[in-house]
Amino acid sequence: MTAHAPEILIADDWRDYQLLDSGNGGKLEQVGPYRFVRPEPQALWAPARPAAEWDSADAIFSPSSGEDDEAGRWRFNRELPQSWTLQWDDIAFVSRPTPFRHLAFFPEHSVHWRYARDYLKAHRGAQPEVLNLFGYTGLASLVCAKAGAKVTHVDASKKAIGFARNNQREAGLADAPIRWICDDALTFVKRELRRGRRYDGIILDPPKFGRGPDGETWKLEENLPELLDACQTLLRTDPNDRASARGFMIATVYAVRLSYLALAQTAQQMFTGGEWQTGEMALPHAGRSELLPTAIFVRWATSDGGREWPRT
Ligand SMILES: C[S@@+](CC[C@H](N)C(=O)[O-])C[C@H]1O[C@@H](n2cnc3c(N)ncnc32)[C@H](O)[C@@H]1O
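Given the structure is predicted, the values throughout are model-derived calculations rather than measurements.

## Looking at the site of the ligand
Looking at the ligand, there are 18 residues lining it, with T137, D155, D184, A185 and D205 nearest. For the ligand, an oxygen atom lies 2.6 Å from a polar atom in the side chain of T137. Side-chain polar atom of D155 to an oxygen atom of the ligand: 2.6 Å apart, as the coordinates give it. For the ligand, the accessible surface in isolation is 610 Å², of which the surrounding protein chains cover 86%. Of the residues belonging to the shell around the ligand, the class tally is seven nonpolar, six polar and five charged.

Here it is in structure tokens:
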């Protein structure tokens, strides 16, 4: 097994989002017409912009000191609408301040949306099918549907699926072929295997810890190898080599004590052949050269995008 040189994937393709500054454990962001300050534990360095600019942001999130590293509350310096519309590429979606400190989208993920979109657009033959596990906002699902795929979107939270469906309407994709499924990701994948279903691409962004709708427990460090293995089997096989999967797999991991190398080497035990990329995802700043690291990732794809694949 080869270790791969890490790559940094930079989400530099936004018009409606900009990381203006970061430092002192925080970040200052322009999100559509509004400015936000949120905690950012990776930003150990000093901010570049004056404090007055940070202080005059439209809303500031203060973390609470408890166990839950996402909890806290927003302080609004002026009245903001409940939500507003943003756009990435040709996909419109809704952003809003959530009680979990995020703004209902994760801008660094555009590096994977681009990759999946380009892969699917190069695909010839029968309509490709994509599985988006832990799909939350549904943005990856919408990008894949817009690029011509049939999509199965899985999330354990009914509320999250409601938000994703709202984004589907916002994007004008109400008729797009997306199955919205409220289920535990691992349980769903195992069920699909029993049913003999197969996919051409799988996207997964598992949390550190989560619960399925029936109380199933998801623990990334314990369950990820099993999920990756099942995902590998769930991909269609290469018609010339039934032992090998083909298609693409994109996995993102946040905030765990896991290096990109551990993630990549685990995935490499299951997926064979194909092209690999692994490393970190990052956001560029407006007007300063440092990058803000956000997550680690591994991507794998067979490099036959564009070739006509008979169904297996
Ligand atoms: C990190 S977010 C994914 C964000 C997504 N990449 C996006 O761009 O919107 C994790 C999601 O996993 C869901 N989740 C947590 N535990 C789960 C489980 N056991 N099965 C399925 N989904 C789960 C949560 O409801 C949440 O929506």
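## As for the sheet that holds strand β2 (residues 17-23)
Spatial ordering of the open sheet is given by β2-β3-β4-β5-β6, a layout of five strands whose pairing is mixed. Strand pairing shows two members of the sheet lacking a second neighbour, β2 and β6 (72-76), which therefore form its edges. Ignoring strand direction, the axes of neighbouring strands in this sheet form an average angle of 20°. Across two bridges, strand β4 (residues 34-39) lies against strand β5 (residues 59-63) in parallel orientation. Residue pairing for β5: F36 is matched across the bridge by A59.

## Some words on the domain arrangement of the chain
Domain annotation of the chain identifies domain 1 (10-95) and domain 2 (105-309). Its C-alpha centre places domain 1 at a distance of 26 Å from the equivalent point of domain 2. Counting residues at the interface gives 32 residues for domain 1 and 27 residues for domain 2. Buried area between domain 1 and domain 2, summed over both chains or domains, comes out near 2,500 Å², and the portion from carbon and sulfur atoms is 63%. In this assembly, domain 1 and domain 2 are joined by five salt bridges. Two residues, D89 and R117, come together in a salt bridge whose shortest N-O distance is 2.9 Å. Between domain 1 and domain 2 we count 15 residue pairs in polar contact (both at pLDDT 80 or more) in total. Examining the composition of the side of domain 1 that touches domain 2, we find that six residues originate from one element, β2, more than from any other.

## Focus: the sheet that holds strand β13 (residues 201-204)
The strands that make up a sheet are held in pairs by hydrogen bonds between backbone atoms, and each pair lies either parallel or antiparallel. What the eight strands build is an open sheet, ordered β1-β19-β20-β18-β13-β10-β11-β12; its pairing is mixed. Lying at the two open borders of the sheet, with one neighbouring strand each, are β1 (7-10) and β12 (178-182). Between one strand and the next, the sheet's axes are offset by a mean angle of 20°, whatever the strand orientation. Here strand β10 (residues 129-133) runs beside strand β11 (residues 150-155); their pairing, made up of five bridges, is parallel. Within β11, the position partnered with E129 by the bridge is K150. Contacts between helix α3 (residues 139-146) and the sheet are confined to β10, β11, β12 and β13, with β11 contributing the most and set at about 175° to the helix.

## A few points about the pattern of salt bridges
Close approach of charged atoms allows side chains of opposite charge to pair. Applying the stated rule across the entire model yields 21 salt bridges. With a shortest N-O distance of 2.3 Å, E192 and R195 are connected by a salt bridge. One end of the pair, E192, and the other, R195, are both in helix α5 (residues 185-195), three residues apart, so they sit about a helical turn from each other. We classify E192 as buried; its relative accessible area is 1%. Here the salt bridges share partners, and the residues they tie into one network are E129, R179, E192, R195, R197, D200, R236 and R246.

## Some details on the environment of V256
In this structure, V256 sits in the loop between β18 (248-253) and α7 (260-268). Residue V256 is classed as buried on the basis of its relative accessible area, which comes to 15%. C-alpha of V256 to C-alpha of T152: the two residues are 104 residues apart in sequence and 27 Å apart in space. The residues contacting V256, other than those within four sequence positions of it, are K208, L220 and E221.

What counts, and where the lines are drawn
The numbers attached to residues start from 1 for each chain and follow its sequence in the written order. Local features are withheld for residues below a pLDDT of 70 in this predicted model, meaning they are given only at 70 or higher, and side-chain atom pairs are given and counted only at 80 or more; totals for whole chains, interfaces and linings count all residues. Where side-chain values are given, they derive from all heavy atoms of the structure, hydrogens and water being excluded. By convention in this text, a residue qualifies as near a molecule or strand provided that one of its non-hydrogen atoms is within 4 Å of it. Two N or O atoms count as a polar contact when they lie within 3.5 Å, although within protein this holds only if one can serve as hydrogen donor and the other as acceptor, and sequence-adjacent residues are included solely when both atoms are side-chain atoms. Accessibility throughout is a Shrake-Rupley quantity obtained with a 1.4 Å probe, and a residue counts as covered only by protein chains that appear here. For this scheme, ten residues count as nonpolar: Ala, Val, Leu, Ile, Met, Phe, Trp, Tyr, Cys and Pro. Four count as charged, namely Asp, Glu, Lys and Arg, and the remainder, Gly too, count as polar. For two strands to count as paired, DSSP must find a minimum of two bridges between them. Each helix is a run of DSSP H or I of at least 4 residues and each strand a run of E of at least 2, with the numbering of both proceeding from the N terminus. For helices, the axis comes from a line fit to the C-alpha atoms of the stretch in contact; other axes are also lines fit to C-alpha atoms, and the angle between any two N-to-C directions lies between 0 and 180 degrees. Where each domain starts and ends comes from a domain assignment, either automatic or drawn from a database. A contact between two residues is defined here by any heavy atoms of the two lying within 4.5 Å. Using a 1.4 Å probe, buried area is obtained as the accessible area two parts lose upon being combined, added over both of them. The rule for a salt bridge is simple: a side-chain nitrogen of Lys or Arg has to be within 4 Å of a carboxyl oxygen of Asp or Glu. Throughout, exposure labels follow a simple rule: accessible area from a 1.4 Å probe, protein chains only, divided by the maximum for the residue type, with under 20% read as buried, over 50% as exposed, and the rest as partly exposed.

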